[in-house]
Amino acid sequence: MIKLTRMAAMATVLAVGTAMYSPAAFAQDSIYVPNLSYRTGPFAATGIPLMNGQRDYVMMLNARDGGVGGVKLDYDECETGYSTEKGVECYEKTKDKAVVTQPWSTGITLQVLPKTNVDKIPILAPGYGFSPMADGKIFQWAFNPPAGYWDAASMILEYLSGGDMASLKGKKIAFLHLDHPYGKEPIPLFEAMAKKYGFTFLPIPVGLKEMQNQSAQWLQIRRERPDNVIMWGWGAMNAGAITEAVKTKYPMDKFIGIWWSGSDDDMLTVGEAGKGYKSISWSQPQPDSQAMADIKKYVIDAGNSLVENPDVDTKKVFYQRGIVISMILVEGIKAAQEHFGVKAVNAEQVRWGLENLDMNAETLAALGATGMVPPFKTSCGNHTGHSGAWMLEWDGAKFVPVSDLLQADQSAIEPLIEQKAKEYAEANAPWPVNNDCKE
Amino acid sequence: MLNQIFVKPFVDMVSAPDFLLQVVWEGLVSGVLYALIALGFVLIYKSSRIFNFAQGIMVVFAALTLVGLHENGVPALLALPLTLVVMYLLAMAIERVVLRPLVNQPDIILFMATIGITLFLVGFGELIFGGENKVMITEQLGIPTGSYTFEPWGGLLILEQKDITAVIGAIVLVLALLLFLNRSKMGRAIRALGDDHQAALSVGISLSTIWVLVWFIAGIIALATGIVWGARAGVSFALEVIAYKALPVLMLGGLESVSGAIIGGLMIGILEKLFEIYWGQPLMGGNTETWFAFVLALFVLLFRPQGLFGERIIERV
Amino acid sequence: MLYRTAGQFKTSYKADHALFPVRQDAVLLWIIVFLAVVVFPLTASEFTFQALLIPVLIYSLAALGLNILTGYAGQLSLGTAAFMGVGAYATYKLITIFPEMNLLAAILLSGFFSAAVGAAFGLPSLRIKGFYLAIATLAAQFFLVWLFEKWAWLYNYNASGAIQVPNIDFFGIRVAGPTAKSIVQYYFVLGVVALMTALSINLTRGRIGRIWKAVRDMDIAAELVGINLMKAKLLAFAVSSYICGVAGALFVFLWRGAAEPNLFDIPLSFRILFIAIIGGLGSVMGNFLGALLIVALPVVINTIPDALGLDIGAAPLEHINTMIVGGLIIFFLIVEPLGLARLWQIIREKFIIWPFPH
């Protein structure tokens, strides 16, 4: 009896407590930068190094400079496990005081995209999200610098053609992708390019449940004998695909992945056998850079990092890409601080900052990050920056660059961005558009 | 259209027999794995009427423990028995904490409890081992990693050595298990419990000992599955979904039949691969493997409600 | 004391069969209604609406749908999420084909598509039972989700394969889409859920409900006393899927705002099954209690370390969260296998005779 009453009482307290719960008020002595992380679930393999990089860069700034412009950054992770539902919950939880939202999955990005217009919070989705977000006039609150998926698709094709797109005529290119909004993103561009240059485009979807068992997909690749395989994989799918490729003896040098399929950890499963596999990337590890030295000094040696084996893991592509992502965000905050003359900037001001990013060679040098990301610049009409990217190749132990900076064919991408952005705005009418932007 | 459904796939099969063989082989290897997982389900169901949904996560947990121990400096050949000890402790904990208080509850409650175990183990496993994709210690365990290449009919057939090892290992495991169930005293006790709980109890068979034993055997099977599957694609929590692949095997083979699980597993493995390659990919946009086995099992069940090998259910009012 | 039933006399047969024969139950209901209609909306923050109030209602409705099938008619189903998906996609197609259509009408109509699909996948229940049937419903789960991926017409050939909810007005008030106010969405959901709940209560305690219970308790015996098993089972599948379909439509249109196919994958089905079982099979109220527990608990757990000033990383917290939810499921099953609804009944009975022990 007593037990039951007590339980009932507890339940009531719990229920009332939840109903009354609301995020606590906050003080304006710091800038709150939440990150919708995914360190758990089937995609954790991709997420962990990225989140570690992002976190360590912010930690380093707080330790070295006391934050940005004298204001500490309050970095906070909200775990989504790459689940859209959790992601939206995290967005709602953090939006009251956040100056930015970093949704991480294309699914979450699509979900919060319309909400940010209302809540006035910029989305920062470096190298992922919804490609038409590049159109800043329509997607005022969304940013995907330094390059979008369509840039990637165009650059990969250019690399394959060796500079002469006409040479792709008659070739067959298979597109192994995750059967998820993320994997489907580049299909419109590939289809347009296939029509234009006369190659055969063969999409091969990998279901979420098949990520680790892709033998059917690779049997199909064996049967179809494509000239090249392009992969848009995430998390456990990458390792699965590369293992199968090794197994079916598909020539590794004909196999190219998107930047999210270029994680050192995925390649370690196959090691030497994966030699020749390539991944396009807008970031490059620079273990000897000043930024990395500072991170080692202020964060790793101080024992504040979550990285397990600092000597090995901090040299990996994904960890350093996480650093670049935080760098882009911080530069946006800096720009906003300077422009508005306010220390503790708010979300709307950060939006301005992200729209007026200028990551030129000098800025990068000043950050001690030369070569970690190509220089780029955003504007009110161009929220991506289209920085271009490098082709990295797995040499059996690490990724090394094998190309100069590649540039996407903007003449093919621009009309598509404009068309899809317009379609999106029409489907979601009334959609606010920035008519002041005259680009 | 009709031509594409009824003629072309078979023409394709005949015109490239080496490829057909490769497809069948791939299907066979998956089938062996499905059969192994299904076997774990069957053993537990037979002896305790529990539909053990946690079998999938036990596979992940066993594989992670093995790799995790090795990462912390335990030599591979010592990590293997240590993992078995962990699986035994897990079986004991499950029996003590979950099963014993739930004796005599309806089936669905026990089923839910195993889902609770699944969630608990997912959280626990990730907390301890982290969510990263890990590499199975294939070489350290002495599993060969090369492959044999044949050229039948001028084509190409690639047989991975680790797949061959997996098939042989699975056969040995199944034979040992059958021998144990049919010849040893404990094995007979398990089967007796499966036939009639009360009668078994009244002749002095201890329920809790048998349950621990059965869950432990399921743990051994899980470890074997984990090693084989992990060697193919790395060890991570995404492996958990393979548990779903064993469910149609159970429908097809019957929840209580060991031979049903094996034959059902192989059948589904091969048929779903053939269907995906020759019908699914050309005609339906691929990825039919997610549902093909279920739909196949559904049709079989419509005609044989107890599955292909299940015991006929006689109901009385 | 509070629940003293002494002095409440029933003078007619009808009064004895009222929904709330005990006056205090009715009072309690009015208190809950008052809380739900007046107090919560006035005090809730945006976060509370989006992370607690609206999802609890929607999940309760979905669990109610499942409960009719599993708790009342005794057919275990693991395909709930797929039937919710049918409702959501049907609403999406209706809304985009007929933009003038009233959202409420579209949602209620979409339930019929879901009901038809549910009845079709319910056909095997005539031959198979128990876990075999449960696995058979998984066929629906996996096949339908695959169909949502592959059938581009369903998502209007959208490149990303996801559906996005447009802005929709309901009698001049914005109820769906990014600019809709949470409080409006809450009232809309509350209205639909209340309507569905009232219908289900009356359905389950009437003739049909009794037929279902007979089938659940022993279908062969039920057949022998003249119940048409086929009709009863298929009706249970249809009604259950109808409610799930409506819940699915609300899920996407009034809460999520967008959906990709794998949203309706098996974890959602399991989540709803948890709610139904922890709440109590064969109870309407149980679904609400279960949803409150399963939805609110992780949200609350996530806020505890902050409140205590502990610095646990996001990932370990999530792991601990999963562990606690798993552990709690086992705990509740052990403490009270019949669910929270039964627990409430026991408490209520104690109250009635309080302060006397017997």
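Colleague: So what's going on with the overall build of chain C? Which residues, and what values?
Modeller: Across its full length, chain C carries 14 helices and 4 strands. Its C-alpha atoms give chain C a radius of gyration of 21 Å, near enough to 21 Å, the size a compact globule of 358 residues would have. A principal-axis box enclosing the C-alpha atoms of chain C has dimensions of 65 × 60 × 45 Å. Counting all 358 residues of chain C, 54% fall into the buried class. Restricting the contact set of chain C to residue pairs at least 6 apart, pairs at least 24 apart contribute 75%.

Colleague: Tell me about the overall build of chain A, and name the residues and values.
Modeller: Of regular secondary structure, chain A possesses 16 helices and 13 strands. A compact globule built from 439 residues should have a C-alpha radius of gyration of about 22 Å, and chain A, at 22 Å, falls within 12% of that. Viewed in the frame of its principal axes, chain A has a C-alpha envelope of about 70 × 65 × 50 Å. Relative to its full complement of 439 residues, chain A shows a buried share of 60%. Considering only contacts in chain A between residues 6 or more positions apart, those separated by 24 or more positions represent 69%.

Colleague: Just give me the short version of the sheet that holds strand β5 (residues 172-178) of chain A, but keep the residues and values in it.
Modeller: Residues and elements named next belong to chain A. If you walk across this open sheet you meet the 7 strands as β6-β5-β7-β8-β9-β12-β13, and the pairing is mixed. Strand pairing shows two members of the sheet lacking a second neighbour, β6 (200-206) and β13 (399-401), which therefore form its edges. Taking the axes of each pair of neighbouring strands and ignoring which way they run, one obtains an average angle of 25 degrees across the sheet. Here strand β8 (residues 255-257) pairs with strand β9 (residues 278-281) via 2 bridges, running parallel. Across the sheet, the residue bridging to G257 is S279, located in β9. The strands touched by helix α5 (residues 149-161) within the sheet are β7 (228-232), β8, β9 and β12 (390-394), with β9 carrying the most contacts at an inclination of about 135 degrees.

Colleague: A description of the interface of chain B and chain C should follow, citing residues and the corresponding values.
Modeller: When the parts come together, some accessible area is lost, and that loss is often what is quoted as the size of the interface. Listed by partner, the interface residues are 39 residues for chain B and 35 residues for chain C. Listed by contribution, the elements that provide at least two residues to the side of chain B that touches chain C are α5 (107-129), α10 (242-253) and α12 (289-303) of chain B. Split into classes, the residues belonging to the side of chain B that touches chain C amount to 29 nonpolar, 7 polar and 3 charged.

Colleague: Give a description of the packing of helix α12 (residues 285-308) of chain C against helix α14 (residues 340-353) of chain C that names residues and reports values.
Modeller: Packed helix pairs are characterised by how far apart their axes lie and by the angle those axes make with each other. Residue and element names in this part refer to chain C. Axis separation between α12 and α14 bottoms out at 8 Å; the angle between their running directions is 110 degrees. In terms of orientation, α12 and α14 fall into the roughly perpendicular class. Two secondary-structure elements touch here, α12 through M285, G286, L289, G290 and L293 and α14 through L340, A341 and W344. A per-class count over the contact of α12 with α14 returns 6 nonpolar, 2 polar and no charged.

Colleague: So what's going on with the domain arrangement of chain A? Which residues, and what values?
Modeller: Residue and element names in this part refer to chain A. With domains assigned, chain A is organised as domain 1 (28-147 + 287-380) and domain 2 (162-281 + 390-411). One C-alpha centre belongs to domain 1, the other to domain 2; they are set 27 Å apart. Each partner contributes to the interface: domain 1 provides 15 residues, whereas domain 2 provides 18 residues. Listed by contribution, the elements that provide at least two residues to the side of domain 1 that touches domain 2 are α2 (44-64), α4 (106-119) and α13 (317-340).

Colleague: Describe in detail helix α3 (residues 84-94) of chain A, supporting the description with residues and values.
Modeller: With 11 of 11 residues buried, α3 of chain A is to be regarded as a mostly interior element. Along α3 of chain A, the residues that are buried comprise T84, E85, K86, G87, V88, E89, C90, Y91, E92, K93 and T94 of chain A. Against the buried residues of α3 of chain A lie β1 (30-35) and α4 of chain A together with α3 (46-72) and α10 (229-256) of chain C.

Colleague: Mind laying out unusual backbone geometry, listing which residues take part and the relevant values?
Modeller: Leave glycine aside and you will find that most residues have negative phi; peptide bonds, for their part, are mostly trans. Residues and elements named next belong to chain A. Residue P145 is joined to P146 through a cis peptide bond whose omega torsion reads -5 degrees. Mapped onto the fold, P146 is located in the loop between β4 (142-143) and α5. Unusually for a residue other than glycine, R225 sits at a positive phi of about 45 degrees. Looking at the secondary structure, you find R225 in the loop between α8 (215-224) and β7. Owing to 9 C-beta atoms within 10 Å, R225 belongs among the exposed residues under this scheme. The residue H386 is not glycine, and still its phi comes out positive at about 40 degrees. Structurally, H386 is set in the loop between β11 (376-377) and β12.

Colleague: Explain the interface of chain A and chain C residue by residue, including any values.
Modeller: Contacts between the two partners involve 45 residues from chain A, matched on the other side by 39 residues from chain C. Only α1 (2-20), α3, α4, α6 (181-184), α7 (187-197) and α16 (410-427) of chain A provide two or more residues apiece to the side of chain A that touches chain C. Considering each element in turn, the side of chain A that touches chain C owes the most residues, 8 residues, to α4 of chain A. Taken together, the residues of the side of chain A that touches chain C sort by class into 22 nonpolar, 12 polar and 11 charged.

Colleague: With reference to specific residues and values, describe the nonpolar core.
Modeller: A38 of chain B together with I58, L61 and L250 of chain C are the most contacted members of the largest nonpolar core, which has 366 residues in total. Split by domain, the residues of this core number at least three in each of domain 1 (28-147 + 287-380) and domain 2 (162-281 + 390-411) of chain A. Discounting chain neighbours no more than four positions away, the residues touching L61 of chain C are V193, M196, I243, V246, A247 and L250 of chain C.

Colleague: How would you summarise α14 of chain C if you had to cite specific residues and measurements?
Modeller: Residue and element names in this part refer to chain C. With 14 residues, α14 extends 20 Å from end C-alpha to end C-alpha; this agrees with the ideal 20 Å at 1.5 Å per step. Among all positions in α14, only L340, A341 and L343 are buried. Angularly, the buried residues of α14 cover 155 degrees about the axis, an arc narrow enough to put them on a single face. Those residues of α14 that are exposed and aimed more than 90 degrees away from the buried face are E349 and I353. On its buried face, α14 is in contact with α11 (266-279) and α12.

Colleague: Let's hear about the environment of I220 of chain B: which residues, and what values?
Modeller: One can find I220 of chain B in helix α9 (residues 207-233). What makes I220 of chain B partly exposed here is the crowd of 19 C-beta atoms within 10 Å.

Colleague: Any details on the confidence of the model for chain A? Residues and values, ideally.
Modeller: All names here are of chain A. Residues at a pLDDT of 70 or more form 93% of chain A, whose mean pLDDT is 85. Mean pLDDT values for the elements of chain A range from 47 in α1 up to 94 in β7. Here residues 1-5 is modelled with pLDDT under 50, and outside its nearest four sequence neighbours on either side it reaches 4 contacts, counting other chains as well.

Colleague: I'd like to hear about the pairing of β1 of chain A, residue by residue, with values.
Modeller: Residue and element names in this part refer to chain A. Strand direction decides the pairing type here: β1 and strand β2 (residues 72-77), joined by 6 bridges, are parallel. If you follow I31 over to β2, its bridge partner there is L73. Regarding topology, α2 serves as the crossover connection from β1 to the parallel β2, and that connection is right-handed.

Colleague: Can you lay out the pairing of β5 of chain A for me, pointing to particular residues and giving the numbers?
Modeller: All names here are of chain A. Here β5 lies mainly inside the structure; 6 of its 7 residues are buried. Note: β5 against β6, 7 bridges, orientation parallel. Of the residues in β6, the one forming a bridge with H177 is P205.

Colleague: Could you give an account of the confidence of the model for chain C, with specific residues and numbers?
Modeller: Averaged over chain C, the pLDDT score is 86; the fraction of residues at 70 or greater is 98%. For this predicted complex, the interface score ipTM comes out at 0.84, while the overall pTM is 0.84.

Colleague: Which residues make up the packing of helix α11 (residues 258-284) of chain B against α12 of chain B, and what values go with them?
Modeller: Residue and element names in this part refer to chain B. Remark: α11 packs on α12, axes separated minimally by 10 Å, with the N-to-C direction vectors making an angle of 125 degrees. Overall, the two elements α11 and α12 adopt an arrangement that is oblique. The handedness of the crossing between α11 and α12 is right-handed. Contacts from I268, L271, E272, F275 and E276 of α11 reach α12 at E289, F292, A293 and L296. Taken together, the residues of the contact of α11 with α12 break down into 6 nonpolar, no polar and 3 charged.

Colleague: Give me the environment of V32 of chain B: which residues, what numbers.
Modeller: Residue and element names in this part refer to chain B. Within the element layout of this structure, V32 appears in helix α2 (residues 17-48). Accessibility expressed as a C-beta count within 10 Å gives 23 for V32, which makes it buried. In the structure, V32 is positioned 153 residues away from K185 in sequence and 28 Å away in space, judged by C-alpha atoms. Excluding residues that lie within four positions of it along the chain, V32 makes contacts with A166, V167, A170, G265 and L266.

About the cut-offs
Residues numbered from 1 in each chain as written. Chains lettered and ligands numbered in written order. Predicted model: local features only at pLDDT ≥ 70, side-chain atom pairs only at ≥ 80, totals over all residues. Helix = DSSP H or I, 4+ residues; strand = E, 2+ residues; numbered from the N terminus. Rg over C-alpha atoms; globule rule 2.2 N^0.38 Å. Buried ≥ 20, exposed ≤ 12 C-beta atoms within 10 Å, placed from the backbone. Contact = placed C-beta atoms within 7 Å. Pairing = 2+ DSSP bridges. Axes fitted to C-alpha atoms, helices over the stretch in contact; angles between N-to-C directions. Nonpolar A, V, L, I, M, F, W, Y, C, P; charged D, E, K, R; others polar. Parallel < 35°, antiparallel > 145°, perpendicular 65-115°, else oblique. Domains from an automatic or database assignment. Core = buried A, V, L, I, M, F, W, Y, C linked by C-beta atoms within 7 Å. Expected span 1.5 Å × (residues − 1). Arc of directions from axis to C-beta. pLDDT = per-residue confidence, 0-100. Right-handed = clockwise from strand over helix to strand, strands pointing away. Left-handed = near helix turned anticlockwise from the far one by under 90°.

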